Amino acid sequence: MMQQKARITSQQLREAQLQVDRFAMELEHCRDLSNTIVHVDMDAFYAAVEMRDNPELKDKPIAVGSMSMLSTSNYHARRFGVRAAMPGFIAKRLCPHLIIVPLNFDKYRVVSKQVGICLAPTSICSWVSCRIRSQLQMPRQDWPEERRRYFIKTGNSAENDEPGKEVNNLSEYELSASPLLFEDSPPDLQPPGNPSQVNCKEQNKLQIPQKSVVFGTSAEEVVKEIRFRIEQKTTLTASAGIAPNTMLAKVCSDKNKPNGQYQILPSRQAVMEFIKDLPIRKISGIGKVTEKMLKALGIITCAELYQQRALLSLLFSETSWHYFLHISLGLGSTHLARDGERKSMSVERTFNEINKAEDQYSLCQELCSEIAQDLQKEGLKVFLVLL
DNA sequence: GCGGATCAC
DNA sequence: TATGGTGATCCGC
């Protein structure tokens with residue numbers, strides 16, 4: 001490639017520059033800032049689940065996997081350089097006290113579904129992968145304050161509420177208006193009969209709500225609400241990114257990790273400001289090899305990627321330089337469906353098919369019951385309310 | 001259409 | 001002692 005580069009004449013480069021800039025102008029013309037994409041990412045997911053279920057592991061450096069291969073580590077272990085995809089025996093050398101916990105996929109799957117349910121009532125569309133990365137498209141209309149109010153759990157009652165235990169406690173009101181649509185909602189999360197009783201009197205139980213929170217309706221607030229719901233339901237924390245497209249939202253979700261969120265406001269200027277000094281390696285799709293190739297051309301940041309756009313169009317395939325140009329302009333997908341089909345049952349599929357469907361209601365009903373059945377197989381019980 | 005390379009997780 | 005498994009995409013043949 002370097003030889004190829006050496007053969008490029010300044011004339012060729014000028015022509016390439018014109019062609020690329022024409023294309024860049026078209027892209028700029030089509031820039032869409034009207035969507036809000038949220039990327040939710042669980043913090044050290046497997047390790048967090050293991051720590052939650054075994055308090056002895058708290059405050060200790062742990063990793064999940066085996067002596068041959070680790071899937072992830074907690075933040076304590078990361079201080080020693082212990083990372084995902086690292087062989088366990090090497091991690092042991094870096095951190096002799098490291099505790100390696102074997103994988104429990106069945107457990108992660110259950111928690112994953114729980115997190116998925118936490119997304120549903122705040123969004124119109126979500127997608128949850130088995131590894132718990134999830135993205136969702138908003139916006140929700142303004143809901144009444146009661147619907148955005150939560151009581152904060154106290155004590156240790158947060159973990160592992162048994163599915164189906166609290167069915168009897170569901171009130172008529174909760175079924176229709178509660179943000180919690182699942183059957184196994186802990187009783188202390190029920191909406192207030194009287195919103196003013198913020199500092200609740202004791203009810204001779206430990207798990208009495210003492211404080212309530214109300215989330216706003218901005219994207220930032222909705223995402224805070226989602227993370228709050230996840231933490232209340234699973235005792236695990238999540239980070240999130242909010243941006244006008246999926247590519248940026250994913251990068252953002254990493255920015256204030258763990259247990260934080262970051263938003264790129266929907267303006268061209270905000271996007272460009274964020275992109276400017278961002279190392280290209282942070283972008284999903286740019287791996288070790290591509291990073292190294294571009295580094296050889298003097299490209300580390302997105303701004304440099306843009307500067308070299310003409311050269312890149314001569315050295316790389318069309319798909320590749322188009323991809324690079326999109327990145328350097330801060331452009332990305334503004335919708336979640338990649339193609340028509342996805343294997344896993346998901347709310348996203350529901351959303352896409354509803355959009356196309358002639359008989360929206362009956363299809364929605366059908367797919368919702370499918371989702372419910374799916375979740376029941378995992379031992380979770382849900383109400384799906386068609387509005 | 002197939003296999004290799006790259007990438008995400 | 002010991003460095004994964006799977007699926008997606010792109011590319012060249």
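Nothing here was measured: the structure is a model prediction, and the numbers come from that model.

Brief notes about the environment of Leu 236
With respect to the helices and strands, Leu 236 occurs in the loop between helix 8 (219–234) and strand 9 (238–243). Each C-alpha atom, one on Leu 236 and one on Val 111, is 9.5 Å from the other, the two residues being 125 residues apart in sequence. With residues near it in sequence (within four places) discarded, Leu 236 still touches Met 42, Phe 45, Ala 48, Val 49, Arg 52, Val 111, Ile 230 and Glu 231.

Observations regarding the protein's contact with DNA strand C
With respect to spatial proximity, 11 residues lie near DNA strand C, and among them Met 67, Pro 87, Phe 89, Ser 317 and Thr 319 are the closest. Each atom of DNA strand C within 4 Å of the protein belongs either to a base or to sugar and phosphate, the latter forming 36%. With respect to DNA strand C, the backbone of Ser 68 contributes an N or O atom lying 3.4 Å from a sugar or linking oxygen. Residue Thr 319 places a side-chain N or O atom 2.6 Å away from a phosphate oxygen belonging to DNA strand C.

Here we look at the packing of aromatic side chains
Applying the stated rule across the entire model yields 12 aromatic pairs. Feature note: the residues Phe 45, Tyr 46, Phe 105 and Tyr 108 constitute an aromatic cluster, connected by ring pairs. The lysine or arginine in question, Lys 255, covers the ring of Tyr 262, its NZ or CZ lying 5.1 Å from the ring centre. Here the guanidinium or amino end of Arg 309 rests over the ring plane of Tyr 306, the centre of that ring lying 3.9 Å away.

Things to note about the sheet that holds strand 3 (residues 70–73)
Pairing within the open sheet is mixed, and its 3 strands lie in the order 3-2-4. Bordering the open sheet on either side are strand 3 and strand 4 (99–101), each of which pairs with just one other strand. Each strand axis lies, on average, 30 degrees off the axis of its neighbour in the sheet, ignoring direction. Pairing geometry for strand 2 (residues 62–65) and strand 4, over 3 bridges, is parallel. Residue pairing for strand 4: Ala 63 is matched across the bridge by Ile 100. Its contacts with the sheet put helix 3 (residues 45–53) on strand 2, strand 3 and strand 4, and the angle it makes with strand 2 is roughly 110 degrees.

Reading the values: the criteria
- Residues numbered from 1 in each chain as written.
- Chains lettered and ligands numbered in written order.
- Predicted model: local features only at pLDDT ≥ 70, side-chain atom pairs only at ≥ 80, totals over all residues.
- Heavy atoms only, no water.
- Helix = DSSP H or I, 4+ residues; strand = E, 2+ residues; numbered from the N terminus.
- Contact = heavy atoms within 4.5 Å.
- Near = heavy atom within 4 Å.
- Polar contact = N/O pair within 3.5 Å; in protein donor to acceptor, adjacent residues only side chain to side chain.
- Phe/Tyr/Trp six-rings, centres within 6.5 Å; stacked < 30°, edge-to-face > 60°.
- Lys NZ or Arg CZ within 6 Å of the ring centre and 35° of its normal.
- Pairing = 2+ DSSP bridges.
- Axes fitted to C-alpha atoms, helices over the stretch in contact; angles between N-to-C directions.

Everything listed is a geometric property; what it means functionally is a separate question.
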